[in-house]
Amino acid sequence: MIEALRLMVLTRTFDEKATAMQRQGRFGTFSSVRGQEASVVGCSFALDPQKDWLAPQYRELPALIRHGYPIENFALYFMGNPRGGAIPENVNMLPLQISLAAQIPQATGVAWGLKLQGSDGVVVTFFGDGASSEGDVHESMNLAGVTKAPVIFFLQNNGWAISTPRKNQTAARSFAERALGYGIHGVTVDGNDLLAVHQVTEEAVARARAGEGATLIESVTYRTGAHNTADDPSRYIDQAELDEWVKKDPIERVENYLRAKGVWDDATAQAMRDECAAEIDEAMTKARAVPLAGPEALFDHVYVDPPARMEQQRTAWIERTAGA
Amino acid sequence: MSEKTMIEAIRECMRQEMEADDKIVVIGEDVGKLGGVFRATDGLQAQFGDQRVVDMPLAEGVIIGSGIGLAISGLRPIIELQFLGFGHQAFHQIGQQVARLRFRSQGRHSLPLVIRSPYGGGVRTPELHSDAFEAYYTHTPGLKVVAPASAYDAKGLLAEAIAGDDPVLFLEPLKGYRLVKDEVPDERYRIPLGKLRVMREGTDVTLIAWSAASVMVNQAAEELAAQGISAEVLDLRSLTPLDIDGIAASVAKTGRVAVIQEAPLTGGFASEIIATIQEECFYSLQAPILRITAPDTPYPLGGVEDYFVPDAARVVAEVAALMSESA
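S.K.: Any details on the overall build of chain A? Residues and values, ideally.
M.R.: On a plain count of helices and strands, chain A comes out with twelve helices and seven strands. In terms of its C-alpha atoms, chain A occupies a principal-axis envelope of roughly 65 × 50 × 40 Å. Each of the 324 residues in chain A was classed as buried or not, and the buried ones make up 54%. Accessible area for chain A stands at about 13300 Å²; split by element, carbon and sulfur atoms hold 51% of it. Across chain A, 31 positive and 42 negative side-chain charges occur, with their mean positions spaced 2 Å apart.

Right, dumping it as structure tokens:
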């Protein structure tokens, strides 16, 4: 549990540092996970990074870190350096997805493919209440039902799709109830309760490994930060509602629990924060030390076997840049 | 070696490649028991089972999207898109995801997948089935686009597409599935992408086409020969990669060019070829380059599609006029 808390504090630290750097022009537009840490971390700790896969959206840094994706790659990506997109060979992860819900059919396919090849790995894909309106979600849950693909649809209902409230996304009482229509398992969980999220995800993983197919988990939480660093929530957010959710801050909740158990105090809390700050500083320093990619980055990795015309363009682009 | 229709050549290719590599799976609408609406996969499910030849739910987005996932998981999917017109329902997965996943993951996830789709028109399909939207996909970096015109090429190019680690959109001429028939080796072979085929040698004018239009243009060339016009016919075979050297060599010889496509005029792949020719061999040209295409209108109902798709009579008339104007 301390390990999970540390991951929550680590990414809270990242979010604060990156937001500050963004304001100074040293970091690009990005979306923080603030307020949703228990939801993402609780889910992530139910997975085995050795064999399970992640198909993230873009707001799930804690899960990426636990799976082995370097923080400095995440930072590089949001600094605009394509090299940040590199996923190490041993990290079972799809790229960050910016086009909402497009990763969900892919996640379903990976899960189905693992099953066809006799692996008991499972795939978790993250998305939000906004993305849940996309057709890809419907098509994917339906296919997962048919194929019994070991995929977990982890829907973080954080109340907002930028400025559009949850009530504009669906008239249904719950998102989890949709599962019934696809012949998959559905469950709602308090997304600010680390242990509860962990437990429902563990159950979903166990079902998937046992060949019982997919689960839709609706993790009810709240985006207490902005949609991203370019957003101004004061234009639309309900302040009273936000205040209520800030009181339910998932990190405080875990710390209060640990304090009540007598295993946590101000000193241990401060020590953890100092350690996390140092780790984030180091990752940011590392990211900033990576030189911005040159024009070859436009061409690298587009094809395994590139057309001659693109290779001529590569040469021309590099020569022109060198001459400039 | 024996004479085979295009659909037989395609089926034989998939069967032989699946026998050679158990990572290959076929997914699509009605590809199982039915064998596909054009029977391209006939018998494959019986031979390889329903875990390797899978009837998918009717949802093109997730057919393509889950195919991406299958490829990432270590399989090599051949995805049948029942008609290219239905590609619109999957366009976000093809144009934005298939084409860019390798780039976006900095090389971590290559996508060894092939999307096969009937292409073009001329067989009186219901509305919104037939279409020649190759230009959407040639305008999408990260994809390769292949469009064979003969059964021999279909088998060899499909084998190459399956063997490669880049995603390929493999366009099969609707009209040629059963009409096109030629000598096809019984054994496996591959034809490299990016090498055009000279269907007919000539000296006066170069006619450039792909897919079913190549067959039609070759017939037009026969008629032109009867009028004393020696036309060289280039069948491109693949659009991405494009055999620019092959085109330039022919244009240098003839000095006149007509590009024929089934698609509407504006923004079509013919325009790309013409722009390339004026870059590569402007000083070889003795006449303006001709485009013979469908009009800038939606693909119509079958009863009037013969007005839409360019035919041999039109090619003969327009090329003959080009010759007399530039004589």
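S.K.: Quick rundown of the interface of chain A and chain B? Include the residues and the values.
M.R.: Taken together, the contact pairs 44 residues of chain A with 45 residues of chain B. Carbon and sulfur atoms supply 57% of the area that chain A and chain B bury against each other, a total of about 3500 Å² over both sides. Ranking the residues of chain A by area buried against chain B places A:His301, A:Tyr303 and A:Arg309 at the top, with a combined share of 18%. At the boundary of chain A with chain B, the tally comes to three salt bridges. Notably, a salt bridge pairs A:Arg309 with B:Glu272, separated by 2.9 Å at the nearest N-O pair. Across the contact surface, chain A and chain B share 29 residue pairs in polar contact (both at pLDDT 80 or more). For the side of chain A that touches chain B, the secondary-structure elements that each account for two or more residues are α5 (103–116) and α6 (135–147) of chain A. Of the residues belonging to the side of chain A that touches chain B, the class tally is 26 nonpolar, eleven polar and seven charged.

S.K.: Before we move on, can you summarise the packing of helix α9 (residues 212–226) of chain B against helix α13 (residues 312–325) of chain B with the specific residues and values?
M.R.: Residues and elements named next belong to chain B. Interhelical geometry of α9 versus α13 gives an angle of 50° and a closest axis separation of 8 Å. Classified by the angle their axes make, α9 and α13 are oblique. Seen along the crossing, α9 lies across α13 with a hand that is right-handed. Across from Met216, Ala220, Glu223 and Leu224 in α9, the residues of α13 making contact are Ala312, Val315, Val316, Val319 and Ala320.

S.K.: Provide a residue-level description of helix α10 (residues 244–254) of chain B, including the pertinent values.
M.R.: Of all the positions in α10(B), only B:Ile244, B:Gly246, B:Ile247, B:Ala248, B:Ser250, B:Val251 and B:Thr254 are classed as buried. Its buried side turned inward, α10(B) meets α12 (308–323) of chain A together with β10 (205–209), β11 (231–235), β13 (257–264) and α11 (269–281) of chain B. Just downstream of α10(B) lies B:Gly255, where phi reads positive at about 80°.

S.K.: An account of the domain arrangement of chain B is needed here, citing residue identities and associated values.
M.R.: All names here are of chain B. Each domain of chain B was delimited in the assignment, giving domain 1 (2–184) and domain 2 (197–325). Between the C-alpha centres of domain 1 and domain 2 there is a distance of 26 Å. If you look at the interface, domain 1 gives 27 residues, while domain 2 gives 23 residues. In total, domain 1 and domain 2 occlude about 2000 Å² of area from one another, counting both sides; carbon and sulfur atoms represent 56% of this. For domain 1, the biggest contributors to the area lost against domain 2 are Arg124, Ala147 and Ala149; these three give 24% of the whole. For the pair domain 1 and domain 2, the number of links is four salt bridges. Across the pair Asp306 and Arg124 runs a salt bridge, and its minimum N-O distance is 2.8 Å. For the interface between domain 1 and domain 2, the tally reads 15 residue pairs in polar contact (both at pLDDT 80 or more). Counting residues per element, the ones that place at least two in the side of domain 1 that touches domain 2 are α6 (134–138), β6 (144–146) and α7 (151–163). Classifying every residue of the side of domain 1 that touches domain 2 gives 13 nonpolar, seven polar and seven charged.

S.K.: Requested: an account of unusual backbone geometry, with residues and values cited.
M.R.: Residue and element names in this part refer to chain B. Of note, the amide linkage connecting Thr240 to Pro241 takes the cis form, showing an omega dihedral of 0°. Tracing the backbone through its elements, the reader meets Pro241 in the loop between β12 (238–240) and α10. Even without being a glycine, Arg39 presents a positive backbone phi close to 70°. On the basis of relative accessible area, Arg39 is assigned to the partly exposed category, the value being 32%. Although it is not a glycine, Arg237 sits at a positive phi angle of roughly 65°. Structurally, Arg237 is set in the loop between β11 and β12.

S.K.: Please set out the sheet that holds strand β14 (residues 290–294) of chain B residue by residue, giving values where relevant.
M.R.: Residue and element names in this part refer to chain B. Strand order across the open sheet formed by five strands is β9-β11-β10-β13-β14, with mixed pairing between neighbours. Both outer strands of the open sheet, β9 (197–200) and β14, are each paired with one neighbouring strand and no more. Between one strand axis and the next, the sheet turns through 25° on average, direction left out of account. The sheet contact formed by β9 and β11 spans three bridges and is antiparallel. Across the sheet, residue Arg200 finds its bridge partner in β11, namely Val233. Running over the sheet, α13 touches β10, β13 and β14 and is turned about 160° from β14.

S.K.: Tell me what's going on with the packing of aromatic side chains, and back it up with residues and numbers.
M.R.: All names here are of chain A. Per the counting criterion, the structure on display carries 22 aromatic pairs over all chains. Both rings, one in Phe14 and one in Phe30, keep their centres 6.0 Å apart while their planes meet at 90°; by these two values the pair is edge-to-face. A residue pair is termed long-range when its members are at least 10 positions apart, and Phe14 in helix α1 (residues 2–23) and Phe30 in the loop between α1 and α2 (37–44) qualify at 16 residues. Of the two residues examined, Phe14 and Phe30, each falls in the buried class. An aromatic cluster of at least three residues, connected via ring pairs, comprises Phe14, Phe27, Phe30, Phe74, Tyr77 and Phe78. Taking the ring centre of Trp245 as reference, the NZ or CZ of Lys248 above it sits at 3.9 Å. Over the ring of Trp317 we find Arg320; its NZ or CZ atom is 4.4 Å from the centre of that ring.

S.K.: Which residues make up the layout of surface pockets, and what are the values?
M.R.: All names here are of chain B. By volume, the second largest pocket is sized at about 370 Å³. Taken together, 17 residues line the second largest pocket, and the ones lying closest to its centre are Lys175, Ala212, Met216, Val309 and Pro310. Contributing elements (two or more residues each) for the lining of the second largest pocket: α8 (176–179), α9 and α12 (305–308). Considering only residue class, the lining of the second largest pocket consists of eight nonpolar, four polar and five charged. Counting residues domain by domain, the lining of the second largest pocket receives three or more from each of domain 1 (2–184) and domain 2 (197–325).

The rules behind each value
- Residues numbered from 1 in each chain as written.
- Chains lettered and ligands numbered in written order.
- Predicted model: local features only at pLDDT ≥ 70, side-chain atom pairs only at ≥ 80, totals over all residues.
- Heavy atoms only, no water.
- Helix = DSSP H or I, 4+ residues; strand = E, 2+ residues; numbered from the N terminus.
- Buried < 20%, exposed > 50% of the residue type's maximum accessible area, 1.4 Å probe, protein only.
- Areas by Shrake-Rupley, 256 points an atom, 1.4 Å probe, with all protein chains shown as cover.
- Lys, Arg positive; Asp, Glu negative; His and termini not counted.
- Charge placed at Lys NZ, Arg CZ, Asp CG, Glu CD.
- Contact = heavy atoms within 4.5 Å.
- Buried area = accessible area lost by both parts, 1.4 Å probe.
- Salt bridge = Lys/Arg side-chain N within 4 Å of Asp/Glu carboxyl O.
- Polar contact = N/O pair within 3.5 Å; in protein donor to acceptor, adjacent residues only side chain to side chain.
- Nonpolar A, V, L, I, M, F, W, Y, C, P; charged D, E, K, R; others polar.
- Axes fitted to C-alpha atoms, helices over the stretch in contact; angles between N-to-C directions.
- Parallel < 35°, antiparallel > 145°, perpendicular 65-115°, else oblique.
- Left-handed = near helix turned anticlockwise from the far one by under 90°.
- Domains from an automatic or database assignment.
- Pairing = 2+ DSSP bridges.
- Phe/Tyr/Trp six-rings, centres within 6.5 Å; stacked < 30°, edge-to-face > 60°.
- Lys NZ or Arg CZ within 6 Å of the ring centre and 35° of its normal.
- 1 Å grid on protein atoms, 1.4 Å probe; cavity = no way out; pocket = protein on both sides within 12 Å on 5 of 7 lines; lining within 4 Å.
- Points joined across faces, edges and corners; volume = space filled by probe spheres on them.

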